[in-house]
Amino acid sequence: MNIFKRAYNDFNKYKEYFFYTVKSNLKANISGSYLGYLWWLLDPFMFMLVYVFVVDIIFKRGGPNFPIFVFCGLLSWKWTSTCISQCSDSIRSKAGILKQVYLPKFLLPLINTTVNSIYYLFGLIVLFIMLPFYKIDFSLHILEFIFVFIVQFLFVFGLGLLLSHIGVYVSDLKNILSFSIRFWFYMSPVLYNINSLPEKYINIFYINPMTTLFESYRNVFMYRESPEYLMLGVWTVISIILIWWGLKVFEKYDRTYTKVI
């Protein structure tokens, strides 16, 4: 527990830098754009339209409320994949700053995770607009979304910590991940229902954390049911272990990164 306490103390010491950088990154994303913050809504929506057009209209493989089904998965997936890609390069890309001033390195993947979490929350606005359009009523289960959100945040941050450390020593990691992330996408039930798979394979797919997250989001938003708490609990424990492991690695190598990058 001491590792978490030290990380908390470091965060408090550098929290002004954290909040300033998060704010700057959000502004940089829409600087020079005519549509400004509207892009945060349009980007996930257009992302969803492409897949709906290909799967539902061209191949006729969609089901009831397929756009909502896809959108729930794509929003979560985009958050995860973007974070992983950015975190893998988060320390190396800040080499100039880190060689001039000291910063706790775990802040860098935390900043990336936080920024993309905010983008995700903005994407939910589009989802909430779409639900009544497809005659899906809101229920109190929608409040359980917060539990799923927290689990995904912890998982992405924990994985991001380890990848940011590896990215210091493996300069091609971001390119390697571009292929791995694409493979992970097709092995995740974004465009297809997990229940459409042969029963003997369903449990295997739950080794993938995105399966639990996608199914849980769809439960609370589409099906007015509780998320999959048992598997969310499992992934919470795994995520905390990943964060603990990442912080331990950062504590050991923190002051050697600048010599490598």
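Scroll up a little and you will see the structure.
Residues numbered from 1 in each chain as written. Predicted model: local features only at pLDDT ≥ 70, side-chain atom pairs only at ≥ 80, totals over all residues. Heavy atoms only, no water.

Visitor: Would you mind going over the overall build of the protein chain with me for this structure?
Guide: Helix and strand counts for the protein chain come out as 12 helices and 0 strands. The linear arrangement of helices and strands in the protein chain, starting from the amino end, is α-α-α-α-α-α-α-α-α-α-α-α. For the protein chain, whose C-alpha radius of gyration is 19 Å, the value lies close to the compact-globule estimate of 18 Å for 261 residues. The principal-axis extents of the C-alpha atoms in the protein chain amount to approximately 55 × 50 × 35 Å. Here the analysis covers contacts within the protein chain between residues at least 6 apart in sequence; of these, 78% occur between residues at least 24 apart. When the 23 basic and 14 acidic side-chain charges of the protein chain are each reduced to a single mean position, those positions are 9 Å apart. (Helix = DSSP H or I, 4+ residues; strand = E, 2+ residues; numbered from the N terminus. Rg over C-alpha atoms; globule rule 2.2 N^0.38 Å. Contact = heavy atoms within 4.5 Å. Lys, Arg positive; Asp, Glu negative; His and termini not counted. Charge placed at Lys NZ, Arg CZ, Asp CG, Glu CD.)

Visitor: Help me understand the side chain of asparagine 219 in this model?
Guide: Positionally, asparagine 219 belongs in helix α10 (residues 209–223). For asparagine 219, a relative accessible area of 8% puts it in the buried group. Those residues within four positions of asparagine 219 in sequence are excluded, and the remaining contacts are Arg224, Glu225, Ser226, Pro227 and Glu228. (Buried < 20%, exposed > 50% of the residue type's maximum accessible area, 1.4 Å probe, protein only.)

Visitor: Honestly, a nonpolar patch on the surface in this entry has me stumped. Any pointers?
Guide: A surface patch of nonpolar side chains, amounting to about 390 Å² of accessible area, comprises Ile166, Tyr169, Val170, Ile176 and Val260. Locating isoleucine 176 in the fold gives a position in helix α8 (residues 173–186). Overall, the relative accessible area of 45% leaves isoleucine 176 in the partly exposed class. (Patch = residues over 30% accessible without salt bridge, like charges linked within 9 Å, V, L, I, M, F, W, Y side chains within 5 Å. Areas by Shrake-Rupley, 256 points an atom, 1.4 Å probe, with all protein chains shown as cover. Salt bridge = Lys/Arg side-chain N within 4 Å of Asp/Glu carboxyl O.)

Visitor: Any chance you could explain the side chain of threonine 212 here in plain terms?
Guide: As for its position among the elements, threonine 212 is in helix α10. Those residues in contact with threonine 212 that sit more than four places away from it in its chain are Tyr206, Glu228, Met231, Leu232 and Trp235.

Visitor: Explain the pattern of salt bridges to me, please; I cannot follow it from the model alone.
Guide: When charged atoms on two side chains of opposite charge get close, those side chains can pair. Counted under the stated rule, the structure contains 4 salt bridges. A salt bridge links aspartate 254 to lysine 105, with the nearest nitrogen and oxygen atoms 3.1 Å apart. Of this pair, aspartate 254 sits in the loop between α11 (229–253) and α12 (257–260) while lysine 105 sits in the loop between α5 (95–98) and α6 (107–133), and the two are 149 residues apart along the sequence. By relative accessible area, aspartate 254 is classed as buried at 10%. The exposure class of lysine 105 is buried, given its relative accessible area of 3%. Residues arginine 218 and glutamate 215 are paired through a salt bridge, measuring 3.6 Å at the closest nitrogen-oxygen approach. Of this pair, arginine 218 and glutamate 215 both sit in helix α10, 3 residues apart, which is roughly one turn of the helix. Across the pair, glutamate 215 and arginine 218 agree in class, each one buried.

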